[in-house]
Amino acid sequence: MQPAYDDRLVKRLTEIAIQEWAKTAMTKMHVKVDLEACQGHGLCYFAAEALYEIRDSDGRAIVILDPVPDELRGAARKSAEVCPERAITIIEE
Ligand code: SF4
C-alpha cells in the first residue's frame with residue numbers, strides 16, 4: 001500500500017521550515033522612512049501603530065522602534081505595503 005504522502009517531501013519541507021524560522025530568529029529587521037517621499041498619509045501608522053509616530057509639524061512618519069520587535073515584523077511589512085508613496089523600506093540583516 002502506498003503511503004498517503006512522500007516521506008522525503010515531508011522531511012525536506014520540515015528542513016526548509018526550520019531554515020526559514022532560523023533565518024527570521026537570527027536576523028534583525030529595521031524600518032526606514034524616506035522623509036522626502038513621505039506625504040503624511042498616516043496609513044503606515046494605522047498598519048503598525050507601535051512602530052511609528054506621526055510628526056506634529058508636517059504629519060510625516062517617524063520610526064520609533066528600531067530594530068523591529070519580532071512580534072511586529074508582520075505589521076512592519078504590512079505598513080510598507082500600504083504606503084502609497086513607497087516611502088518605507090524594510091531592511092533585514
Ligand atoms: S503611509 Fe507612507 S507616505 Fe503615508 S505617512 Fe506613512 S510613510 Fe508617509
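Here, every reference points to the structure presented above.
Residues numbered from 1 in each chain as written. Predicted model: local features only at pLDDT ≥ 70, side-chain atom pairs only at ≥ 80, totals over all residues.

A. Main features of the overall build of the protein chain. Across its full length, the protein chain carries 3 helices and 4 strands. Starting at the N terminus and walking to the C terminus, you meet the elements of the protein chain as α-β-α-β-β-α-β. The globule rule puts the C-alpha radius of gyration for 93 residues at 12 Å, and the 18 Å found for the protein chain is more than 25% above it. In terms of its C-alpha atoms, the protein chain occupies a principal-axis envelope of roughly 70 × 25 × 20 Å. Across the 93 residues of the protein chain, 17% fall into the buried class. Here the analysis covers contacts within the protein chain between residues at least 6 apart in sequence; of these, 61% occur between residues at least 24 apart. (Helix = DSSP H or I, 4+ residues; strand = E, 2+ residues; numbered from the N terminus. Rg over C-alpha atoms; globule rule 2.2 N^0.38 Å. Buried ≥ 20, exposed ≤ 12 C-beta atoms within 10 Å, placed from the backbone. Contact = placed C-beta atoms within 7 Å.)

B. Focus on the site of the ligand. With respect to spatial proximity, 14 residues lie near the ligand, and among them Cys38, His41, Cys44, Ala61 and Cys83 are the closest. The class makeup of the residues in the shell around the ligand is 8 nonpolar, 4 polar and 2 charged. (Near = placed C-beta within 6 Å. Nonpolar A, V, L, I, M, F, W, Y, C, P; charged D, E, K, R; others polar.)

C. Geometry of the nonpolar core. Formed by 14 residues in total, the largest nonpolar core has its most connected members in Cys44, Ala48, Leu51 and Ile88. Going through the elements one at a time, β1 (29–33) and α2 (43–47) are the ones with two or more residues in this core. (Core = buried A, V, L, I, M, F, W, Y, C linked by C-beta atoms within 7 Å.)

D. Structural detail: the environment of Met29. In this structure, Met29 sits in strand β1. Judged by the 18 C-beta atoms lying within 10 Å of it, Met29 is partly exposed. Between the C-alpha atoms of Met29 and Ala48, which are 19 residues apart in sequence, the distance is 14 Å.

E. How the structure looks around the environment of Ser79. Looking at the element boundaries, Ser79 is found in helix α3 (residues 73–82). Each C-alpha atom, one on Ser79 and one on Ala50, is 11 Å from the other, the two residues being 29 residues apart in sequence. With residues up to four places along the chain from it excluded, the contact list for Ser79 reads Cys44, Ala47, Ala48, Leu51 and Ile88.

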